[in-house]
Amino acid sequence: RKVVHYDDDFSDRLETNRGHGTAVAAAAIGRRSFDGWSESNGYADGSAPGAKLAFLDMGIGSATIEDPGVTRLFESLSSHSDGKGAKVINGSWGRSYYGVYASFCKDYDAILRDSFTDILFVTSSGNTGKTEGTTITVQNPADCKNTLAVGSSLSYGNDIRSNELGIEYLADYSSKGPTADGRIKPDIVAPGHFIVTANANVEMVGECDGDGTPDSRYGTGGDGIRYVSGTSFAAPVVAGSA
């Protein structure tokens, strides 16, 4: 039920242990299922546990993420199932921003404005907020005009770390704006620091949820889950909410 589209023509269909793609997908739409069919409430359920997932594999092993281009990305995810595909697309990746409105952003803004007008493209703002001597640290494509850029706040409850102040405070690594032309970025922040999501263990089946209540301070929860931090995980929290 969960994965309705998996596009592996661009990449290698390979996930790695503790893989980024599994963690991001679960933060958005994860739902515990021990046998792949029957479902129950889990420790690592995402923001939208009832939603379905269309996935484009952009990773080459564990080494790098390749950019398929904006047309390839949007057509794959939104146009499958006779055009009844995804209306919310999450992009937990980015590239350096050099203080100019680049052609890269022009492509994203144009296609969202002209061709895929019913798509919300949610992006992670980046994890370069502590870069010394730099006031603008937001990444591409989060700095584009028609993308929804998400920064990372701290967490709460069992997920808060010692001496942290909670979800009203920004994680220090979360990339910041404004853009060079004065636009406010990120557009929104959401919990992304030490949040619980599904682990990826390629040697196991049925490993994607824990066996006890997670607690970041004591490292409890079991092998099926892990704690993650970064705007990569704040973005799918928002995408799932959307």
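See the structure shown above.
Analysis parameters
Residues numbered from 1 in each chain as written. Predicted model: local features only at pLDDT ≥ 70, side-chain atom pairs only at ≥ 80, totals over all residues. Heavy atoms only, no water. Salt bridge = Lys/Arg side-chain N within 4 Å of Asp/Glu carboxyl O. Buried < 20%, exposed > 50% of the residue type's maximum accessible area, 1.4 Å probe, protein only. Helix = DSSP H or I, 4+ residues; strand = E, 2+ residues; numbered from the N terminus. Phe/Tyr/Trp six-rings, centres within 6.5 Å; stacked < 30°, edge-to-face > 60°. Lys NZ or Arg CZ within 6 Å of the ring centre and 35° of its normal. Pairing = 2+ DSSP bridges. Axes fitted to C-alpha atoms, helices over the stretch in contact; angles between N-to-C directions. Contact = heavy atoms within 4.5 Å.

Q: Account for the pattern of salt bridges, naming residues and giving values.
A: For the coordinates displayed, the defined rule picks out twelve salt bridges. D187 is the partner of K185 in a salt bridge, and the nearest nitrogen-oxygen pair spans 2.9 Å. Among the residues examined, K185 registers a relative accessible area of 6% and is labelled buried. One salt-bridge network, held together by shared partners, links R1, R31, E39 and D45.

Q: Go over helix α5 (residues 231-241) with me, naming the residues and quoting the values.
A: Most of α5 is tucked away: ten of the eleven residues are buried. Among all positions of α5, only T231, S232, F233, A234, A235, P236, V237, V238, A239 and G240 are buried.

Q: Pulling in residues and values, what's your account of the packing of aromatic side chains?
A: As enumerated under the stated definition, the model contains nine aromatic pairs in all. Measuring from centroid to centroid gives 6.4 Å for W93 and F104, while their planes differ by 75 degrees, and the two rings are edge-to-face. Here W93, found in the loop between β5 (88-91) and α4 (103-114), pairs with F104, found in helix α4; they are eleven residues apart in sequence, far enough to count as distant. Taking the relative accessible area as the measure of exposure, W93 reaches 15% and is therefore buried. Classification of F104 by relative accessible area gives buried; the value is 12%. Look at F194 and Y227: their rings are 6.2 Å apart centre to centre, the planes differ by 45 degrees, and that puts the pair in the tilted class. In this pair, F194 sits in strand β9 (residues 193-198) while Y227 sits in strand β10 (residues 225-229), placing the two residues 33 residues apart along the sequence. Counting every residue linked through ring pairs, the aromatic cluster contains F74, W93, F104, Y108, F116 and F121. Residue placement shows R95 over the ring face of F104; its charged tip is 3.9 Å from the ring centre.

Q: Tell me about the sheet that holds strand β8 (residues 188-191), and name the residues and values.
A: Backbone hydrogen bonds are what pair the strands of a sheet, in a parallel or an antiparallel way. Reading across the sheet, the four strands line up as β5-β6-β7-β8 and stay open at both edges, with parallel pairing between neighbours. With partners counted over all chains shown, the strands left at the sheet margins are β5 and β8, one partner each. Averaged over all adjacent pairs, the angle separating strand axes in this sheet is 35 degrees, with direction ignored. Relative to β8, strand β7 (residues 148-153) runs parallel, the two sharing four bridges. Of the residues in β8, the one forming a bridge with G151 is V189. Contacting β5, β6 (120-124), β7 and β8, α5 runs over the sheet at an angle of about 120 degrees to β7.

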